[in-house]
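Read off the chains here:
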Amino acid sequence: MTPTLIGLVAGLLTSVAALPQVIKTWRSRHARDLSIWQPLLLSVGVALWLIYGMLIGDTPLILANITPLICNLLLTAMKIRFKDNDPEQDEETPP
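Draft legend 1. Just the confidence of the model for the protein chain, in detail. With 89% of its residues at a pLDDT of at least 70, the protein chain reaches an overall mean of 85. Of all helices and strands in the protein chain, the one with the weakest mean pLDDT is helix α1 (residues 3-16) (83), whereas helix α3 (residues 37-56) scores best (93).

Structure (structure tokens):
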């Protein structure tokens, strides 16, 4: 396997890893159990990897970061958008 092929396979796997969460959140229309920090921080990190890949002209690095960036931005947006759809957690009242 060439380094480019390894990079493309790794990028494909990390790219599709976020899709199940995006689909589940979209279908359920709630994101209560999703921390806003996880997709937000991943978006920033992936955007920086994308910029880095562009600066050094590394095609696998560029391609590997486009889909995760979109997915994590979508998750962040859905966390904000579906906030009103999330049922409040039951708080126990002291006896």
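Draft legend 2. Region of interest: the side chain of Asn65. As for its placement among the helices and strands, Asn65 is situated in helix α4 (residues 59-81). Asn65 sits in the buried class, given a relative accessible area of 8%. At a separation of 2.7 Å, a polar atom in the side chain of Asn65 contacts the main-chain carbonyl oxygen of Leu61.

Draft legend 3. Structural context of the packing of aromatic side chains. This structure, assessed with the given rule, holds two aromatic pairs. For the pair Trp26 and Phe82, a centre-to-centre distance of 6.2 Å together with 50 degrees between the ring planes defines the contact as tilted. A residue pair is termed long-range when its members are at least 10 positions apart, and Trp26 in helix α2 (residues 19-28) and Phe82 in the segment after α4 qualify at 56 residues. A relative accessible area of 48% places Trp26 in the partly exposed class. Ring centres 5.8 Å apart and planes at 75 degrees place the aromatic pair Trp49 and Tyr52 in the edge-to-face group. On the criterion of helical spacing, the pair formed by Trp49 and Tyr52 is a turn pair, its members being three residues apart in helix α3.

Draft legend 4. Local environment of the pattern of salt bridges. Scanning the model with the defined rule gives one salt bridge in all. Among the salt bridges present, the one from Arg32 reaches Asp33, with a minimum N-O distance of 3.6 Å. Judged by its relative accessible area of 33%, Arg32 is partly exposed. Exposure remark for Asp33: the relative accessible area of 65% places this residue in the exposed category.

Quick notes on the rules
- Residues numbered from 1 in each chain as written.
- Predicted model: local features only at pLDDT ≥ 70, side-chain atom pairs only at ≥ 80, totals over all residues.
- Heavy atoms only, no water.
- pLDDT = per-residue confidence, 0-100.
- Helix = DSSP H or I, 4+ residues; strand = E, 2+ residues; numbered from the N terminus.
- Buried < 20%, exposed > 50% of the residue type's maximum accessible area, 1.4 Å probe, protein only.
- Polar contact = N/O pair within 3.5 Å; in protein donor to acceptor, adjacent residues only side chain to side chain.
- Phe/Tyr/Trp six-rings, centres within 6.5 Å; stacked < 30°, edge-to-face > 60°.
- Salt bridge = Lys/Arg side-chain N within 4 Å of Asp/Glu carboxyl O.

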